[in-house]
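# A structural walkthrough
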Amino acid sequence: MPPVDLPWLQPYPDHLLEGIAAPDAGPDAVVVARETIELAFLAAIQLLPPRQRAVLILREVLGWSAKEAAELLETSVASVNSALQRARATLNERPPARRLEQMPSSSDASAQERAVLARFIDAFERADIAAVAEVLREDARGTMPPYPMWHDGRETIVAAIAPSLDPDSPQYLGDWRALPTGSNLQPAAAFYVRRPGDARHRAFARDVLRIEDGAVAESTAFAPDVFPAFGLPATL
C-alpha cells in the first residue's frame, strides 16, 4: 500500500503547458525544453512518490523557487529541498531508458495516443470489460486521488471496474459516456454516468492516461470538481 498522506499533482490544462520555450527561442532551446519536459514528466510519473514528483516538476520544469514550491505544497523550504535532492538521486540511479531521439515524432505519438484513448472510451461506453482489459498493459496501474485506491496490474484494475459496468451487480453505476480531452500534455477522458432512473449523464471522473507501446500504462482518475477548469459541462 503506498502512502496516502501525500498530494497528487492535479490535472493541468494543456494550453497552459504549450509553448514553454519562448517564441523567439532558437531551435536548440526548443529541443532542450522539449527534452526537459519529456524526461521530467516521464521519469517523475514512473519513478517518484507524489511529493518528490510535485517538487521536481515545480522546481526543475516550471522554474519555481523553493519558497514558492513550499507555499504551494504547505510545507517548509527545507522539506522541498530535501524532496528535490531525493528525486534527483532517484533519477540519477534510474534514468529513463528512452531519450528524445529514440521516441516517435510528436505527431506519430499523438496519433497513437488518440487511437488508444478512443478504444479506452469505447470500451467503457459499451460496458465491455473484456475490451477494457485489452487496452490495458499487463502491468498497468490505476489510482483515484485522494482516495487510498491503488490498483497494480491489469487483473486487479479489471476486478475493481467490472462491478460498476455490470447491470446485475449491486455496484452498477449506470450508462457511461465520455469526452476525449487532455491534461498535463497527456491524453485524458472526461467520464459521465447516467445512473438508473436519471435522465442525464452527470460528471463522474476525469481519467488522465499514460500510454506506452499502444496501451494504457497508468490511469489517474480525478473527481469531477476539476471539470470547470477545462471548460467541461456538468451534464451531457
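This write-up is about the structure you can find in this document. Just so you know, these numbers come straight off a predicted model, no measurement behind them.

Considered for burial, the residues of helix α3 (residues 66-73) that qualify are Ala66, Ala69, Ala70 and Leu73. Viewed along the axis of α3, the buried residues span an arc of 100°, placing them on a single side of the element. Among the exposed residues of α3, those pointing more than 90 degrees away from its buried face are Lys67 and Glu71. A positive phi of about 55° marks glutamate 74, the residue just after α3.

Time to look at the pattern of salt bridges. Under the defined criterion, the tally for this structure stands at 11 salt bridges. The salt bridge partner of arginine 137 is glutamate 212, with a shortest N-O separation of 3.5 Å. Placement of the pair is arginine 137 in strand β1 (residues 136-143) and glutamate 212 in strand β5 (residues 202-212), with a sequence separation of 75 residues. On the basis of relative accessibility, which here comes to 12%, the residue glutamate 212 falls in the buried class. The closest approach of N and O atoms between arginine 210 and glutamate 218, which form a salt bridge, is 3.1 Å.

Calculation notes
- Residues numbered from 1 in each chain as written.
- Predicted model: local features only at pLDDT ≥ 70, side-chain atom pairs only at ≥ 80, totals over all residues.
- Heavy atoms only, no water.
- Buried < 20%, exposed > 50% of the residue type's maximum accessible area, 1.4 Å probe, protein only.
- Helix = DSSP H or I, 4+ residues; strand = E, 2+ residues; numbered from the N terminus.
- Arc of directions from axis to C-beta.
- Salt bridge = Lys/Arg side-chain N within 4 Å of Asp/Glu carboxyl O.

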